[in-house]
Amino acid sequence: MTTRSELEIRLKAFADTFTTVPIPIAIENKSFTRPNPPTPYLECFLAKGDTISATVDAMRNRERGVWAVNCYVPSNAGMGKLEELVQGVLNTFRVIPKLGTVSIEAPGNTSKMVLDAAGWACIPITFPYRVETQLT
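Quantities reported herein were computed from a predicted structural model and do not represent experimental measurements.

Topic: the packing of aromatic side chains
A ring pair, where both rings are aromatic, is described by two values, the distance of the centres and the angle of the planes.
Phase 1 of the analysis: Under the criterion given, the structure shown has seven aromatic pairs.
Phase 2 of the analysis: Measuring from ring centre to ring centre gives 5.3 Å for phenylalanine 32 and tyrosine 41, while their planes differ by 35°; the resulting arrangement is tilted.
Phase 3 of the analysis: For phenylalanine 32, a relative accessible area of 29% corresponds to the partly exposed category.
Phase 4 of the analysis: Through successive ring pairs, a cluster of aromatic residues spans Phe32, Tyr41, Tyr72 and Trp120.
Phase 5 of the analysis: Here arginine 34 stacks its cationic end above the ring of tyrosine 72, 5.4 Å away from the centre of that ring.

Points about the packing of helix α1 (residues 3-17) against helix α2 (residues 80-92)
Phase 1 of the analysis: Orientation of α1 relative to α2, taken along the N-to-C sense of each, is 135°, at an axis distance of 10 Å. The pairing of α1 with α2 is recorded here as oblique in orientation. With respect to the hand of their crossing, α1 and α2 are arranged in right-handed fashion. Facing α1, whose interface residues are Arg10, Leu11 and Phe14, α2 presents Leu85, Gly88, Val89 and Thr92.
Phase 2 of the analysis: Its residues assigned to classes, the contact of α1 with α2 comprises four nonpolar, two polar and one charged.

Some points on the pairing of strand β3 (residues 60-74)
Phase 1 of the analysis: Summarising burial for β3: 11 of the 15 residues are buried, a large majority.
Phase 2 of the analysis: When strand β2 (residues 41-53) meets β3, the two strands line up antiparallel, connected through 11 bridges. Across the sheet, the residue bridging to threonine 51 is glutamate 63, located in β3.
Phase 3 of the analysis: Taking the residues between adjacent antiparallel strands as the criterion, β2 and β3 are bridged by six residues, where alanine 58 takes a positive phi near 60°.
Phase 4 of the analysis: In this structure, β3 lies alongside strand β7 (residues 120-134), joined through 15 bridges in antiparallel fashion.

Concerning α2
Phase 1 of the analysis: Between its terminal C-alpha atoms α2 stretches 18 Å, which fits the 18 Å expected from 13 residues at 1.5 Å a residue.
Phase 2 of the analysis: Every buried residue of α2 is accounted for by Leu82, Leu85, Val86, Gly88, Val89 and Thr92. Buried residues of α2, viewed axially, fall in a sector of 160°; they line one side.
Phase 3 of the analysis: Tucked inside the fold, the buried residues of α2 contact α1, β2, β3, β5 (109-110) and β7.

About the cut-offs
Sequence order as written defines residue numbering, which begins from 1 separately in each chain. With the structure being a predicted model, the display of local features is reserved for residues of pLDDT at least 70 and the display and counting of side-chain atom pairs for 80 or more, all residues being used for whole-chain, interface and lining totals. Each side-chain value is worked out from all heavy atoms of the structure, with water and hydrogens disregarded. Two rings from Phe, Tyr or Trp (for Trp, the six-membered ring) form a pair when their centres sit within 6.5 Å of each other. Planes less than 30 degrees apart are called stacked, planes more than 60 degrees apart edge-to-face, and all others tilted. Each residue's exposure class comes from its accessible area (1.4 Å probe, protein chains only) as a fraction of the maximum for that residue type: buried when under 20%, exposed when over 50%, partly exposed otherwise. Our definition puts a charge over a ring when NZ of Lys or CZ of Arg is within 6 Å of the ring centre and also within 35 degrees of the ring normal. To get an axis, a line is fitted to the C-alpha atoms, and for a helix only the part in contact is used. The angle between two axes follows their N-to-C directions and goes from 0 to 180 degrees. Secondary structure elements are defined from DSSP: runs of H or I of at least 4 residues count as helices, runs of E of at least 2 residues count as strands, and each element is numbered from the N terminus. For classification purposes, an angle smaller than 35 degrees is called roughly parallel, one larger than 145 roughly antiparallel, one from 65 to 115 roughly perpendicular, and anything else oblique. Left-handed describes a crossing in which the near helix is turned anticlockwise from the far one by less than a right angle; the clockwise case is right-handed. Between two residues, a contact is recorded if the distance between any of their heavy atoms is within 4.5 Å. Think of it as three bins: nonpolar holds Ala, Val, Leu, Ile, Met, Phe, Trp, Tyr, Cys and Pro, charged holds Asp, Glu, Lys and Arg, and polar takes everything else, Gly as well. Strands qualify as paired when DSSP identifies two bridges or more between them. How far a helix is expected to stretch is found by multiplying one less than its residue total by 1.5 Å. As used here, the arc is the angular range of directions from the helix axis to the C-beta atoms.

Set out below in structure tokens:
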């Protein structure tokens with residue numbers, strides 16, 4: 001399993017159970033059409049950072065990067081649903097407990113709400129992550 005697939009699977013598990021109807025997810029570099037009529041959706045990106053040798057014998061690699069999730073709701077719908085969605089994503093990618101091979105290294109950072117011209121309100125969240133790989 002790759003870093004990207006592990007994080008996307010975790011996000012999908014949240015999106016499928018957050019409401020009675022699964023929340024659509026815009027996956028990086030895949031075709032996506034915003035929900036119509038407008039309903040909440042998520043958008044995710046993976047920004048890989050440097051990979052370094054974590055040991056002197058170069059038998060373990062450490063990859064660090066940033067996992068970003070944008071939470072969208074229709075604008076003029078109030079902040080309640082957007083804040084609830086953001087909190088659900090924050091709870092999904094916690095520092096503790098450690099899950100899988102991808103480790104979230106710090107609590108998610110949220111930015112202020114952004115309104116786009118197409119009528120959506122968005123709060124972006126970023127999570128620093130780390131992956132340790134043992135070479136054979």
